[in-house]
Protein chains: 2
Amino acid sequence: MAELAPGDTVGILGGGQLGRMLAVAAAKLGLRTHVFCPDPDSPAFAVAAQATCASYEDEDALERFAAGVAVVTYEFENVPAGTAARLSAARPLFPPSRALEVTQDRLLEKRLAASLGLGTAPFRPVDGVQDLAPALREAGTPALLKTRRFGYDGKGQARIDALNEAEPAFEAIGRQPAILESFVTFAAEISVVAARGRNGAFAAYDPVRNEHAGGILRRSTVPAGMEAEVAAAAIEAARAIGESLDFVGVFCAEFFVIAEREGARVLVNEIAPRVHNSGHWTLEACAVSQFEQHIRAVAGWPLGSPARHSDAVMENLIGDDVLAWPALLSEPGASLHVYGKREARPGRKMGHVTRLSARG
Amino acid sequence: MAELAPGDTVGILGGGQLGRMLAVAAAKLGLRTHVFCPDPDSPAFAVAAQATCASYEDEDALERFAAGVAVVTYEFENVPAGTAARLSAARPLFPPSRALEVTQDRLLEKRLAASLGLGTAPFRPVDGVQDLAPALREAGTPALLKTRRFGYDGKGQARIDALNEAEPAFEAIGRQPAILESFVTFAAEISVVAARGRNGAFAAYDPVRNEHAGGILRRSTVPAGMEAEVAAAAIEAARAIGESLDFVGVFCAEFFVIAEREGARVLVNEIAPRVHNSGHWTLEACAVSQFEQHIRAVAGWPLGSPARHSDAVMENLIGDDVLAWPALLSEPGASLHVYGKREARPGRKMGHVTRLSARG
């Protein structure tokens, strides 16, 4: 499979802020981009050489898109399987379809982690109402019921504190195939943004400590302030996950850090087969950002060093937070990103700001 | 004059690498861009929300362009006066027309510097053949004959070592109005990339030491390794120039550093009314790059801090230099930029690479 050369076109499925920052990273390296997204207001269209606004089920549009690009990648994990199959028949698709299959499904994701000997929160599949009571008996309460598919930013989740809350919770998540997870008391949430090249090379950025509110990432801090063994365990887990998926591109593994008498350990929480919000700080703090790293990987180019020259804190601007842009522009040392979305709906990621400081 | 808000459109005249990096900087802040350039292969088209490929004399195209943008700026100093006049009648044009007028003309530029009490190389106007001999008698040899207008990257210049070379030199530069400059022996060339806001705020990046070859910038290094007084004098000269032009946006003042018995001093060499090659290192080494700084200024927004967190060396990739891209991708810590130009002609700036190091 040929490596790309400057001047070639990268096809990107999805036109949100991640697609936008991927397109800019591709341009930095002299590559052209073609963004495919059904949303006419896609922020990524504004920085792409070409744009197609069509449904992911539009076979003609997909065919034309594939014909004009050297490689296809995506900014979101919910690429329909049929879309991925159609595109990968025509052009190299990175990350590969299997990475999508597994990470689209919480159950497959958890089973993968378990098969690699990596800890997870205890989980049971819930295929229908009949599975709720037995699963809860084993998991205990409180527990979290999560749809197997299409969950993000805390969507598709419901907490269960008692047996009589189980059916309403199943109702709340839309009576979909789900998993029930035991509630885990964690000391911290961390993530590892890492990349695998076409040749199997692996590069991980330093683990990041994440703070969420309402299921949405608010703040990422690097260094994460963990013991070195915890950071190393998280990176090794990410490496194992990447290898098992034959991954090509950037992905993010999120972990719970559990404090135990014999020391802290990490449990795999989620895997995102794409660039990730908790890696935005790499734009300012590293010579090669997660976006450029992803483009390098899917282009068949060498991965960049993930070393960071500075400490960093990234804060999301969610909904009306973005109205603070004038103050953020005035803050010395703050790097503001505004995604160009038309409407600042509550819970919507509108931008972010990164603050660097000298390495501690 | 209204300040812009995210979602507004910045019009950019010129579609080269500077326009490309300006467009990306605007997108980072949530602004849309419309790039106007007569060259269908303009690298900036690939990262702009809108593109117009038309002549700078095309009145209809200029009118449509102006109608859809909130402010107009440019990436090159040779914007025709008529184009600037037409656009500034319709929309705010930054930097203002007078900055263009002065910096398009070496004679006006030199006279401005002199009027501010800033040193320059001794110069005489040469309007025709009849001026050559008297000018050379005063300037001595060697001397440099430079066209008043449309010179860049060493073009439009000829060296004169003896009187009988004067007419051939005048021929070589196209028998245009020119200035004759005394040859100055300098210890170093430095530049100051600085910005002025609409409110007169001034912010200068640290002075940079520049190395040229064949009239083209090869390498910029920051810090410049000058005595603090020299750096301060250069920054103060830039401030005076910016104020005298009522400048809005980023500009670059280039200086010769002259070693004299009583200490070093700076002579103004050239003023570029735009973002500048010797400021590319700010993309990696500062929270706010020269490109973002320019967008902030023309948008009427607060200037960012010009502080740098790292030392930096920027090297241009000229012509076939860009063929080294695979090796540069493999070099840890190197940040590669490829401009997306179709053809690597000799002398053409195809990309650059920046290497950071911890502040010395």
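Each value, and the rule that gives it
Residues numbered from 1 in each chain as written. Chains lettered and ligands numbered in written order. Predicted model: local features only at pLDDT ≥ 70, side-chain atom pairs only at ≥ 80, totals over all residues. Heavy atoms only, no water. Least-squares fit on C-alpha atoms with pLDDT ≥ 70 in both. Phe/Tyr/Trp six-rings, centres within 6.5 Å; stacked < 30°, edge-to-face > 60°. Buried < 20%, exposed > 50% of the residue type's maximum accessible area, 1.4 Å probe, protein only. Contact = heavy atoms within 4.5 Å. Buried area = accessible area lost by both parts, 1.4 Å probe. Salt bridge = Lys/Arg side-chain N within 4 Å of Asp/Glu carboxyl O. Polar contact = N/O pair within 3.5 Å; in protein donor to acceptor, adjacent residues only side chain to side chain. Helix = DSSP H or I, 4+ residues; strand = E, 2+ residues; numbered from the N terminus. Pairing = 2+ DSSP bridges. Axes fitted to C-alpha atoms, helices over the stretch in contact; angles between N-to-C directions. Parallel < 35°, antiparallel > 145°, perpendicular 65-115°, else oblique. Left-handed = near helix turned anticlockwise from the far one by under 90°. Nonpolar A, V, L, I, M, F, W, Y, C, P; charged D, E, K, R; others polar. 1 Å grid on protein atoms, 1.4 Å probe; cavity = no way out; pocket = protein on both sides within 12 Å on 5 of 7 lines; lining within 4 Å. Points joined across faces, edges and corners; volume = space filled by probe spheres on them. Arc of directions from axis to C-beta. pLDDT = per-residue confidence, 0-100.

(A) Expanded view of the relation of the copies chain A and chain B. Its rotation angle being 180°, the transformation that places chain A on chain B also includes 0.0 Å of axial translation and leaves an RMSD of 0.0 Å. These values place the two chain copies in the arrangement generated by a two-fold rotation axis. Minimal C-alpha separation from the rotation axis in chain A is found for V47 of chain A, amounting to 2.0 Å.

(B) Just the packing of aromatic side chains, in detail. Residue and element names in this part refer to chain A. All told, the structure shown has 14 aromatic pairs over all chains when counted by the stated rule. Between F247 and F251, the aromatic rings sit 4.8 Å apart at their centres with planes inclined by 55°, giving tilted as the arrangement. In this structure F247 comes out as buried when scored by relative accessible area, which is 1%. Every member of this aromatic cluster is reached through a ring pair, and the members are F36, Y56, F65 and F76.

(C) Seen up close, the interface of chain A and chain B. With 37 residues of chain A at the interface, the matching set in chain B holds 37 residues. The contact between chain A and chain B buries some 2700 Å² in all, and 63% of this surface belongs to carbon and sulfur atoms. It is K28, W325 and L329 of chain A that lose the most area in chain A upon contact with chain B, and together they represent 21% of the buried surface on that side. Across the contact surface, chain A and chain B share zero salt bridges. In this assembly, chain A and chain B are joined by 14 residue pairs in polar contact (both at pLDDT 80 or more).

(D) Representation of the pairing of strand 16 (residues 334–338) of chain A. All names here are of chain A. By the criterion of burial, strand 16 is predominantly enclosed, with five of the five residues buried. In this sheet, strand 17 (residues 349–358) lies alongside strand 16 in antiparallel orientation, the contact comprising five bridges. Paired with A334 across the bridge in strand 17 is R355.

(E) Expanded view of the sheet that holds strand 4 (residues 71–74) of chain B. Residues and elements named next belong to chain B. If you trace the four strands from one edge of the open sheet to the other, you get 3-2-1-4, paired in parallel fashion. Pairing within the sheet leaves two strands with one partner each, and these edge strands are strand 3 (50–52) and strand 4. Geometrically, the sheet is characterised by an average inter-axis angle of 25° between neighbouring strands, direction not taken into account. Where strand 1 (residues 9–13) and strand 4 come together, four bridges link them in parallel fashion. Along strand 4, the bridge assignment pairs G11 with V72. Along the sheet face, helix 1 (residues 17–28) touches strand 1, strand 2 (32–36) and strand 4 and points at about 175° away from the line of strand 1.

(F) Region of the structure containing the sheet that holds strand 6 (residues 143–147) of chain B. All names here are of chain B. Spatial ordering of the open sheet is given by 5-8-6-7, a layout of four strands whose pairing is antiparallel. Bordering the open sheet on either side are strand 5 (123–126) and strand 7 (157–160), each of which pairs with just one other strand. For this sheet the average axis-to-axis angle between neighbouring strands, irrespective of direction, equals 25°. With respect to the sheet, helix 5 (residues 106–115) is in contact with strand 5, strand 6, strand 7 and strand 8 (178–182), its orientation differing from that of strand 5 by roughly 150°. Lying on the sheet, helix 6 (residues 132–139) is in contact with strand 5, strand 6, strand 7 and strand 8; it crosses strand 5 at an angle near 175°.

(G) Here's a closer look at the pattern of salt bridges. All names here are of chain A. Counted under the stated rule, the structure contains 48 salt bridges over all chains. Across the salt bridge formed by E171 and R175, the nearest N and O atoms sit 2.8 Å from each other. Overlapping salt bridges, with partners in common, bring together E211, R219, E315, E331 and R355 in one network.

(H) Structural context of the side chain of R124 of chain A. All names here are of chain A. In this structure, R124 sits in strand 5 (residues 123–126). At a separation of 3.3 Å, a polar atom in the side chain of R124 contacts the side chain of E138. Among residues more than four places away in sequence, those in contact with R124 are A135, E138, A139, A178, I179, L180 and S182.

(I) Representation of the packing of helix 1 of chain B against helix 10 (residues 290–299) of chain B within the structure. Residues and elements named next belong to chain B. The interhelical angle for the contact between helix 1 and helix 10, taken along N-to-C directions, is 65°, at an axis separation of 8 Å. By the angle between their directions, the pair helix 1 and helix 10 is classed as roughly perpendicular. Crossing geometry of helix 1 relative to helix 10 is assigned as right-handed. Together, L18, M21, L22, A25, A26 and K28 of helix 1 and F291, E292, H294 and I295 of helix 10 make up the contact between the two elements. Residues of the contact of helix 1 with helix 10, tallied by class, amount to seven nonpolar, one polar and two charged.

(J) Here's a closer look at unusual backbone geometry. Residue and element names in this part refer to chain A. Geometrically, the link from F94 to P95 is a cis peptide bond, its omega value of -10° lying close to zero. Summarising the element assignment, P95 is placed in the loop between helix 3 (81–90) and helix 4 (97–103). Note that the residue after V222, namely P223, is joined by a cis bond; omega there is 5°. Mapped onto the secondary structure, P223 falls in the loop between strand 12 (216–222) and helix 8 (228–244). For R175, which is not glycine, the phi dihedral falls at a positive 50°. Note that R175 resides in the loop between helix 7 (166–172) and strand 8 (178–182).

(K) The arrangement of empty space enclosed by the protein in detail. A full pass over the atoms with the stated rule returns one cavity of 30 Å³ or more. Here the largest cavity defines a volume of roughly 850 Å³. Contributing to the lining of the largest cavity are 44 residues, with V24, K28 and L283 of chain A together with V24 and L283 of chain B lying nearest its centre. For the lining of the largest cavity, the secondary structure elements donating two or more residues are helix 1 (17–28), helix 9 (282–285), helix 10 (290–299), strand 16 and strand 17 of chain A together with helix 1, helix 9 (282–285) and strand 16 (334–338) of chain B. A class-by-class count of the residues in the lining of the largest cavity yields 24 nonpolar, twelve polar and eight charged.

(L) Main features of helix 3 (residues 81–90) of chain B. Residues and elements named next belong to chain B. Within the span of helix 3, buried status applies to T83, A84 and L87. Mapping the buried residues of helix 3 onto a view down its axis gives an arc of 95°, with all of them on the same face. Residues of helix 3 that are exposed and angled more than 90 degrees away from the buried face: A81 and A89. Contacts from the buried residues of helix 3 go to strand 1, helix 2 (59–67), strand 4 and helix 4 (97–103).

(M) Expanded view of the confidence of the model for chain A. On average, residues of chain A carry a pLDDT of 96, and 99% of them reach 70 or more. Predicted as a complex, the structure gets a pTM of 0.96 and an ipTM equal to 0.95.

(N) Quick peek at the environment of E189 of chain A. Residue and element names in this part refer to chain A. When you line up the elements, E189 lands in strand 9 (residues 188–196). Look past the residues within four positions of E189 in its chain and what remains in contact with it is V208, R209, N210, H212, F255, F256 and N269. Of note is the side chain of E189, whose polar atom sits 3.0 Å from the side chain of H212.

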